[in-house]
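Here's the letter readout for the chains.
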Amino acid sequence: MIYDVIIIGSGPAGLAAAIYAKRAELNLLVIEKAAISGGQIINTYEVDNYPGFSNISGFDLSMKFREHADKLETEFITGEVKNFRLDGDIKVLTLDDGVEYRSKTVIIATGGIPRHLNVEGEEKLSGMGVSYCATCDGAFFRNKTVAVVGGGDVAVEDAIFLARICKQVYVIHRRDQFRAKKSLATKLLSMENVTVLWDSVVERINGEDTAESILVKNVKTEETNTYEVSGVFIAVGYIPKTEVFKDIVATDEGGYIIAGEDCQTNVPGIFAAGDVRTKELRQIITAAADGAMAVTAVEKYLNNN
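Here is what the cut-offs are and how they apply
Residues numbered from 1 in each chain as written. Predicted model: local features only at pLDDT ≥ 70, side-chain atom pairs only at ≥ 80, totals over all residues. Heavy atoms only, no water. Helix = DSSP H or I, 4+ residues; strand = E, 2+ residues; numbered from the N terminus. Rg over C-alpha atoms; globule rule 2.2 N^0.38 Å. Buried < 20%, exposed > 50% of the residue type's maximum accessible area, 1.4 Å probe, protein only. Contact = heavy atoms within 4.5 Å. Areas by Shrake-Rupley, 256 points an atom, 1.4 Å probe, with all protein chains shown as cover. Lys, Arg positive; Asp, Glu negative; His and termini not counted. Charge placed at Lys NZ, Arg CZ, Asp CG, Glu CD. Pairing = 2+ DSSP bridges. Axes fitted to C-alpha atoms, helices over the stretch in contact; angles between N-to-C directions. Polar contact = N/O pair within 3.5 Å; in protein donor to acceptor, adjacent residues only side chain to side chain. Right-handed = clockwise from strand over helix to strand, strands pointing away. Core = buried A, V, L, I, M, F, W, Y, C linked by side-chain atoms within 4.5 Å. Disulfide = S-S within 2.5 Å. Parallel < 35°, antiparallel > 145°, perpendicular 65-115°, else oblique. Left-handed = near helix turned anticlockwise from the far one by under 90°. Phe/Tyr/Trp six-rings, centres within 6.5 Å; stacked < 30°, edge-to-face > 60°. Lys NZ or Arg CZ within 6 Å of the ring centre and 35° of its normal.

(A) Focus on the overall build of the protein chain. The helix and strand tally for the protein chain stands at 6 helices and 17 strands. Radius of gyration (C-alpha) of the protein chain: 21 Å, near the 19 Å computed for a compact globule of 305 residues. With respect to the three principal axes, the spread of C-alpha positions in the protein chain is 60 × 40 × 35 Å. Scored against the burial criterion, the 305 residues of the protein chain give a buried share of 52%. Taking the contacts inside the protein chain whose residues are at least 6 apart along the sequence as the reference set, 57% of them involve residues at least 24 apart. Of the roughly 15,100 Å² of accessible surface on the protein chain, a fraction of 46% belongs to carbon and sulfur atoms. Charge-centre separation for the protein chain: the mean point of 32 positive side chains lies 3 Å from the mean point of 43 negative side chains.

(B) Structural detail: the sheet that holds strand β12 (residues 200–206). The 3 strands lie next to each other as β12-β13-β14, forming an open sheet whose pairing is antiparallel. The sheet terminates laterally at β12 and β14 (224–228), the two strands that pair on one side only. Across this sheet, the average inter-strand angle for adjacent strands is 25 degrees, counted without regard to direction. When strand β13 (residues 213–218) meets β14, the two strands line up antiparallel, connected through 5 bridges. Across the sheet, residue L215 finds its bridge partner in β14, namely T226.

(C) Representation of the side chain of Q168 in the model. By the element assignment, Q168 lies in strand β10 (residues 168–172). Looking at Q168, its side chain comes within polar contact range of the main-chain oxygen of N193, at 3.3 Å. In contact with Q168, other than residues within four places in its own chain, are K144, T145, V146, N193, V194 and T195.

(D) View of the pairing of strand β11 (residues 194–197). Inspection of the sheet shows β10 paired to β11 by 4 bridges, in the parallel sense. Bridging from a neighbouring strand, V171 pairs with V196 of β11. In this fold, β10 hands off to helix α5 (residues 182–189), which returns the chain to β11; that crossover is right-handed.

(E) Spotlight on the nonpolar core. In terms of nonpolar packing, the biggest core is built from 34 residues, with V5, I7, I107 and F271 touching the most fellow members. At the level of secondary structure, the elements contributing two or more residues to this core comprise β1 (2–8), α1 (12–23), β2 (28–32), α2 (58–71) and α6 (284–304). Excluding residues within four positions of it along the chain, I7 makes contact with G14, A17, A18, L28, L29, V30, I31 and I107. Ranked by size, the runner-up nonpolar core spans 25 residues in total, among them A134, A163, V171 and V196.

(F) Up close: the state of the cysteines. Under the definition given, this model contains 0 disulfides. For the unlinked cysteine C166, the closest cysteine sulfur is that of C133, found at 13 Å.

(G) Main features of the packing of α1 against α2. The N-to-C vectors of α1 and α2 enclose an angle of 25 degrees; their axes lie 9 Å apart at closest approach. In terms of their interaxial angle, α1 and α2 are classed as roughly parallel. At the point where α1 passes α2, the crossing takes the left-handed sense. Residue-level contacts link P12, L15 and I19 of α1 to S62, F65, R66, H68 and A69 of α2.

(H) Structural context of the packing of aromatic side chains. Evaluated as defined, the whole model comprises 7 aromatic pairs. Aromatic side chains Y170 and Y227 sit 5.0 Å apart centroid to centroid with 55 degrees between the ring planes, which places their arrangement in the tilted category. Note that Y170 is positioned in strand β10 and Y227 in strand β14, a separation of 57 residues in sequence. What links up through ring pairs into an aromatic cluster is the set Y50, F53 and F65. A cation sits over an aromatic face here: R66 above F76, 3.6 Å from the ring centre. The ring of Y256 has R282 sitting right over it, with the charged end atom 3.9 Å from the ring centre.

So this is what it looks like as structure tokens:
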């Protein structure tokens with residue numbers, strides 16, 4: 001079978017693309033790596049900026065996206081794309097089980113993975129006090145002291161969430177002000193059990209069987225201090241999952257696929273949607289919008305080819 005479009009990924013961008021593609025009566029397939037749809041938003045404790053849902057968990061919102069796609073009888077399979085090649089006008093994707101799928105167009109909506117600090121103790125204690133998802137693991141540290149590393153929206157949101165259930169939260173940020181939205185920063189700074197360590201980085205995470213403390217260095221004074229913590233939540237950004245496509249489509253220095261608002265890459269018939277593409281704002285609403293735009297571009301491509 002040759003599909004009209006194969007969508008790789010089932011986060012907000014991929015699911016929105018699936019919904020729009022089904023409504024456009026395209027023959028499509030969604031390939032998702034994880035056993036559950038939703039991408040990064042399934043790890044979000046609370047979503048309050050998606051229109052129409054003033055108070056909903058990321059998991060519940062992702063399930064609503066998936067239910068919509070399922071209602072339209074969208075075809076999903078679970079697998080990881082290991083090889084991607086062009087055979088004339090037909091794109092051939094090979095999954096980890098060796099099965100090949102063919103399509104006239106492809107929408108890459110693979111999202112990203114958490115960026116690591118790459119410091120001593122991080123890998124050793126991953127899952128044993130070191131976490132990349134506060135909403136997933138925060139409950140294990142109720143009434144304890146934890147640290148959050150980062151200064152963007154995700155880091156500040158994580159710190160706010162943890163401050164509600166933890167005894168003390170240290171926020172370590174390498175700059176002297178947050179990159180997060182002002183409203184989030186203001187909320188965090190108003191919380192009495194939060195201490196921000198500005199101009200600072202984590203040098204080492206200490207512990208044997210679980211995290212016990214962190215060594216923090218001030219990047220301006222080079223002074224170091226040790227803070228006792230039971231958990232370390234790392235939120236310093238994401239790496240786009242574009243490795244398998246790097247020799248096929250153009251990417252920027254950060255690994256993001258270069259594509260404009262129409263989601264078209266430099267390769268005809270291949271589109272990028274959501275967090276994997278170059279863009280100013282990476283939010284649920286912009287990812288979903290990308291899914292719609294990508295399918296519109298797919299339709300134009302199919303009509304002209």
